[in-house]
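Tertiary structure, described
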Amino acid sequence: MAVLAEHDSDKAARILTVARELVLKRGVKGVTVAEIAEKAHVGKGTVYLYWGTKEDLLVGLFAREFLAVVEGSIDALTTDPDAARPHRLCPQLIHNGLERPFVRALQTGDADLLGVLTQHPRSTELVNMLGPAAMMYTLLPVWRQHRLARTDWPLDEQAYALQALMTGFLETATRTHTLRDVTVDAPENVIAASVTALLGPEEAGPADVRATADEGLRLLRQRRELVLASIATNQETNPE
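Calculation notes
- Residue positions are counted from 1 within each chain, in the order its sequence is given.
- With pLDDT at 70 or above as the cut-off, local features in this predicted model cover only qualifying residues; side-chain atom pairs require 80 or more to be listed or tallied, and sums for whole chains, interfaces and linings still use all residues.
- To get the side-chain values, all heavy atoms of the structure are used, and hydrogens and water are removed first.
- Here a strand is any run of E in DSSP of at least two residues, a helix any run of H or I of at least four, and the numbering for each starts at the N terminus.
- Based on C-alpha atoms, the radius of gyration is set beside the globule rule, defined as 2.2 Å times the residue count to the power 0.38.
- Any residue under 20% of the maximum accessible area for its type is buried, any over 50% is exposed, and the rest in between are partly exposed; the area is computed with a 1.4 Å probe on protein chains only.
- Here, two residues are considered to be in contact whenever any of their heavy atoms come within 4.5 Å of each other.
- Here the accessible surface of atoms and residues is derived via Shrake-Rupley with a 1.4 Å probe, and residues count as covered only by protein chains that are part of the display.
- Neither His nor the chain termini are counted; the positive set is Lys and Arg, and the negative set is Asp and Glu.
- For the purpose of locating charges, the reference atoms are NZ of Lys, CZ of Arg, CG of Asp and CD of Glu.
- Two rings from Phe, Tyr or Trp (for Trp, the six-membered ring) form a pair when their centres are within 6.5 Å of each other. A pair whose planes differ by under 30 degrees is stacked, one over 60 is edge-to-face, and the rest are tilted.
- Here, the term nonpolar core denotes a set of buried Ala, Val, Leu, Ile, Met, Phe, Trp, Tyr and Cys residues that are joined through side-chain atoms within 4.5 Å.
- In a helix, the anticipated span is given by 1.5 Å times the number of residues less one.
- Note on definitions: angles span 0 to 180 degrees between N-to-C directions of axes, and those axes are lines fitted to C-alpha atoms, for helices only across the stretch in contact.
- Oblique is the label for any angle not covered by the other classes, which are roughly parallel (under 35 degrees), roughly antiparallel (over 145) and roughly perpendicular (65 to 115).
- Residue polarity is assigned by list, with Asp, Glu, Lys and Arg as charged and Ala, Val, Leu, Ile, Met, Phe, Trp, Tyr, Cys and Pro as nonpolar; anything else, Gly included, falls into the polar class.
- Polar contacts here mean pairs of N or O atoms no more than 3.5 Å apart (in protein, one a potential hydrogen donor and the other a potential acceptor; neighbouring residues in sequence count only if both atoms are side-chain atoms).
- Salt bridges are defined by distance alone: a side-chain nitrogen of Lys or Arg within 4 Å of a carboxyl oxygen of Asp or Glu.

**Quick word on the overall build of the protein chain**
A count of helical and extended segments in the protein chain gives 12 helices and zero strands. Ordering the α and β elements of the protein chain from the N terminus gives α-α-α-α-α-α-α-α-α-α-α-α. At 20 Å, the protein chain has a C-alpha radius of gyration in line with the 18 Å of a compact globule built from 240 residues. Based on the C-alpha atoms only, the size of the protein chain along its principal axes is roughly 60 × 45 × 30 Å. Expressed as a percentage of the 240 residues in the protein chain, the buried residues total 48%. Sequence separation of at least 24 residues holds for 74% of the intrachain contacts in the protein chain that already meet a minimum separation of 6. If you sum the accessible surface of the protein chain, you get close to 11900 Å²; carbon and sulfur atoms cover 52% of it. Taking the average place of the 25 positive charges on the side chains of the protein chain and the average place of its 32 negative ones, the gap between the two points comes to 3 Å.

**A look at the packing of aromatic side chains**
Overall, the coordinates contain two aromatic pairs when judged by the stated rule. With 5.5 Å between their ring centres and 45° between their planes, tyrosine 50 and tryptophan 51 make a pair best called tilted. For the pair formed by tyrosine 50 and tryptophan 51, the shared burial category is buried. Between the aromatic rings of phenylalanine 62 and phenylalanine 102, the centroid separation amounts to 5.0 Å while the plane-to-plane angle is 45°, which identifies the pairing as tilted. In this pair, phenylalanine 62 sits in helix H4 (residues 54-79) while phenylalanine 102 sits in helix H6 (residues 101-108), placing the two residues 40 residues apart along the sequence. One exposure class covers both phenylalanine 62 and phenylalanine 102, and it is buried.

**A few points about the nonpolar core**
Formed by 72 residues in total, the largest nonpolar core has its most connected members in Ile15, Leu57, Phe62, Met136 and Trp143. It is H4 that provides the largest number of residues to this core, a total of 12 residues. The contact partners of tryptophan 143, leaving out residues within four places of it in the chain, are Ala84, Arg85, Pro86, Leu89, Cys90, Met136, Leu148, Ala149, Leu162, Leu199 and Thr212.

**Description of helix H10 (residues 155-174)**
The terminal C-alpha atoms of H10 lie 28 Å apart, and with 20 residues this matches the ideal 28 Å at 1.5 Å per residue to within 8%. Here H10 has its buried residues at Gln158, Ala159, Ala161, Leu162, Met166, Phe169 and Leu170. Tucked inside the fold, the buried residues of H10 contact helix H5 (86-99), H6, helix H9 (132-145) and helix H11 (187-199).

**A few points about the packing of helix H8 (residues 121-130) against H9**
Here H8 crosses H9 at 50°, and the two axes come no closer than 5 Å. By the angle between their axes, H8 is oblique relative to H9. Contact residues: Val127, Asn128, Met129 and Leu130 in H8; Pro132, Ala134 and Met135 in H9. Within the contact of H8 with H9, the residues separate by chemical class into six nonpolar, one polar and no charged.

**A look at the side chain of serine 73**
Here serine 73 lies in helix H4. Judged by its relative accessible area of 9%, serine 73 is buried. At 3.5 Å, the side chain of serine 73 forms a polar contact with the side chain of asparagine 96. When neighbours within four sequence positions are excluded, serine 73 is seen to be in contact with Leu93, Asn96 and Leu220.

**What about the environment of leucine 113?**
Positionally, leucine 113 belongs in helix H7 (residues 111-114). By relative accessible area, leucine 113 is classed as buried at 13%. Spatially, the C-alpha atom of leucine 113 lies 8.7 Å from that of phenylalanine 102, the residues being 11 residues apart in sequence. Once residues lying within four places of it in the same chain are set aside, the contact partners of leucine 113 are Val23, Leu24, Gly27, Val28, Pro101, Phe102 and Ala105.

**Here's the deal with the pattern of salt bridges**
Taken as a whole and judged by the stated rule, the model has 13 salt bridges. Here arginine 224 and glutamate 225 are joined by a salt bridge, their closest N and O atoms 3.8 Å apart. Residue class for arginine 224 comes out buried when judged on its relative accessible area of 19%.

As structure tokens, this is what we get:
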């Protein structure tokens, strides 16, 4: 992550921490660069040394949260290749998307929190590239190749169904009124069972699971580099 080293100074870290706290408390509309600078104990001009606009700062904050999700997934697959199995990875992706407030807000279009930034081109790019539902189209061919998903269904149709399933679980988890009279003690088990019902029983052996994990790691690292490049491109160079 050397590309971020220049921007991960103590000042930049304080600015990001304060910006995060203020946005979560009052939403994007209620936060100004001047207030962020004051609470971070830096001059307003210092903020603009790192980010050209308020939007650059905040979308960069969102990108870092997506980056943390990717890093967590990389760590999980590195530690336990078996976590690449669909019935394990899909619930984990949903969990990762829900536990990070900005990732969750972008996926659900929470305009109360994020305002117009829900439709910002870079916000949309992050969701399309790293959102749990979006990741399905990337991962599904790998699962099919390594006998972790049925192949008697056209890929596009299968990906559509899996994305719809993931989106539905995300919607249910974030909007409690969606299923008013139905509750379960372990929704992650329901997600796992639903994924298995959709994709069919897993027939992969250890070698296939290992190959799936390796390819998953390659794809995740590729996306990590894209996010890092996005963060670096949309920050001003600190002259110090």
